[in-house]
Amino acid sequence: PRRCIIIGPSHTGSWLPWSLAAEGSYRTPLGEVPVDAACAEALRARCPFLATDAWAQQGEHAIEVLVPFLQYRGPSDLTIVPIVMASSDTEERRQLADALAQVIRMQEDPTLLIASTDLSHYEPQAAGALHDRQLIEAICALDPEALTRLVRERELIMCGAGAAACVLSAATQLGARRGRLVQ
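Keep in mind that what you see is a predicted model, and the values were worked out from it rather than measured. (Residues numbered from 1 in each chain as written. Predicted model: local features only at pLDDT ≥ 70, side-chain atom pairs only at ≥ 80, totals over all residues. Heavy atoms only, no water.)

(A) Geometry of the packing of helix α4 (residues 90–106) against helix α7 (residues 161–173). Their axes nearest at 8 Å, the elements α4 and α7 cross at an angle of 45 degrees. Compared by their axis directions, α4 and α7 come out oblique. The way α4 lies across α7 gives a crossing that is right-handed. Packed against α4, whose contacting residues are R93, L96, A97, D98, L100, A101 and R105, the element α7 presents G162, A165, C166, S169, A170 and Q173 at the interface. In terms of residue class, the contact of α4 with α7 is built from 7 nonpolar, 3 polar and 3 charged. (Axes fitted to C-alpha atoms, helices over the stretch in contact; angles between N-to-C directions. Helix = DSSP H or I, 4+ residues; strand = E, 2+ residues; numbered from the N terminus. Parallel < 35°, antiparallel > 145°, perpendicular 65-115°, else oblique. Left-handed = near helix turned anticlockwise from the far one by under 90°. Contact = heavy atoms within 4.5 Å. Nonpolar A, V, L, I, M, F, W, Y, C, P; charged D, E, K, R; others polar.)

Quick look at the structure:
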């Protein structure tokens with residue numbers, strides 16, 4: 001797909017609960033990738049809590065680390081819609097998932113929906129592998145409630161659990177029934 005919507009967690013302690021880059025571009029060593037302004041505006045119109053402040057994304061690595069990979073693998077006319085979340089508001093996450101599904105259905109071209117996240121990285125390897133497996137099972141089952149429950153109740157480590165839950169909810173609304181672990 002030539003359009004990617006990427007949702008990632010805030011690692012910079014952003015003062016904004018939600019940040020949407022609605023214009024401009026991301027510059028990498030492979031060149032610039034423009035923001036799909038029309039798609040970003042369609043999302044913002046459905047989710048007024050999405051603050052259109054690109055400065056809130058400065059120094060945020062959850063999205064920028066993915067852009068060169070997408071440039072390398074994707075088409076030359078790749079566009080992105082970057083969203084950074086520091087909010088844990090379940091209702092806003094549901095509203096964004098609904099908006100994502102609506103906006104993606106309106107697009108003529110396919111859209112790739114990405115949650116930027118990582119799993120355990122501070123635990124002993126055996127415990128981390130067990131916890132990661134539980135989280136991956138919830139992701140493959142496309143079960144955002146199970147995913148957030150594992151993180152909240154069992155205190156499993158997953159930066160970007162809210163982003164992943166949002167993408168899972170949107171994917172099921174778009175007809176996905178099961179995820180697949182590629183590697």
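Here the narrative resumes.
(B) Quick look at helix α5 (residues 125–140). Helix length check: α5 (16 residues) gives 22 Å between terminal C-alpha atoms against 22 Å at 1.5 Å per residue, within 8%. Buried residues in α5 make contact with α6 (144–153) and α7. Positioned one or two residues after α5, L142 has a phi angle of 55 degrees, which is positive. (Expected span 1.5 Å × (residues − 1).)

(C) Quick look at the environment of I139. Here I139 lies in helix α5. Remark: the alpha-carbon pair of I139 and G179, spanning 40 residues in sequence, is separated by 6.7 Å.

(D) Up close: the packing of helix α1 (residues 37–46) against α4. Remark: α1 packs on α4, axes separated minimally by 9 Å, with the N-to-C direction vectors making an angle of 140 degrees. Considered as vectors, α1 and α4 are oriented oblique to each other. The crossing of α1 and α4 is right-handed. Between α1 and α4, the contacting residues are C39, A42, L43 and R46 on the first element and Q95, L96, A99, L100, Q102, V103 and M106 on the second.

(E) Main features of the layout of surface pockets. The computed volume of the largest pocket comes to approximately 710 Å³. Around the largest pocket, the lining comprises 21 residues; the ones closest to its centre are A115, I139, L168, R180 and L181. Within the residue set of the lining of the largest pocket, elements represented by two or more residues are β6 (111–115), α5 and α7. It is α7 that contributes the most residues to the lining of the largest pocket, 4 residues altogether. A breakdown of the residues in the lining of the largest pocket according to their chemical character gives 16 nonpolar, 3 polar and 2 charged. In this structure, the second largest pocket encloses a volume near 390 Å³. Contributing to the lining of the second largest pocket are 19 residues, with S88, R93, T148, A161 and G162 lying nearest its centre. Of all the elements in the fold, those that place two or more residues in the lining of the second largest pocket are α4, α6 and α7. At 5 residues, the largest contribution of residues to the lining of the second largest pocket is made by α6. Along the lines of polarity and charge, the residues of the lining of the second largest pocket split into 7 nonpolar, 8 polar and 4 charged. (1 Å grid on protein atoms, 1.4 Å probe; cavity = no way out; pocket = protein on both sides within 12 Å on 5 of 7 lines; lining within 4 Å. Points joined across faces, edges and corners; volume = space filled by probe spheres on them.)

(F) Main features of the nonpolar core. Among the nonpolar cores identified, the biggest contains 25 residues, and I5, I7, L43, L50, I83, L96 and L100 are the most heavily contacted of them. Those elements that provide at least two residues to this core are β1 (3–9), β2 (18–20), α1, β5 (79–85), α4 and α7. Of all the elements, α4 adds the most residues to this core, at 6 residues. In contact with I5, other than residues within four places in its own chain, are C39, L43, V81, I83, L100, I104, T111, L112, L113 and I114. If you look at the next biggest cluster of nonpolar residues, it comprises 12 residues, including L119, L147, L150 and A161. (Core = buried A, V, L, I, M, F, W, Y, C linked by side-chain atoms within 4.5 Å. Buried < 20%, exposed > 50% of the residue type's maximum accessible area, 1.4 Å probe, protein only.)

(G) Spotlight on the pattern of salt bridges. Counted under the stated rule, the structure contains 5 salt bridges. Between D36 and R3 there is a salt bridge; the shortest N-O distance is 2.6 Å. Placement of the pair is D36 in the loop between β4 (31–34) and α1 and R3 in strand β1, with a sequence separation of 33 residues. Here D36 and R3 have matching classes, each one buried. (Salt bridge = Lys/Arg side-chain N within 4 Å of Asp/Glu carboxyl O.)

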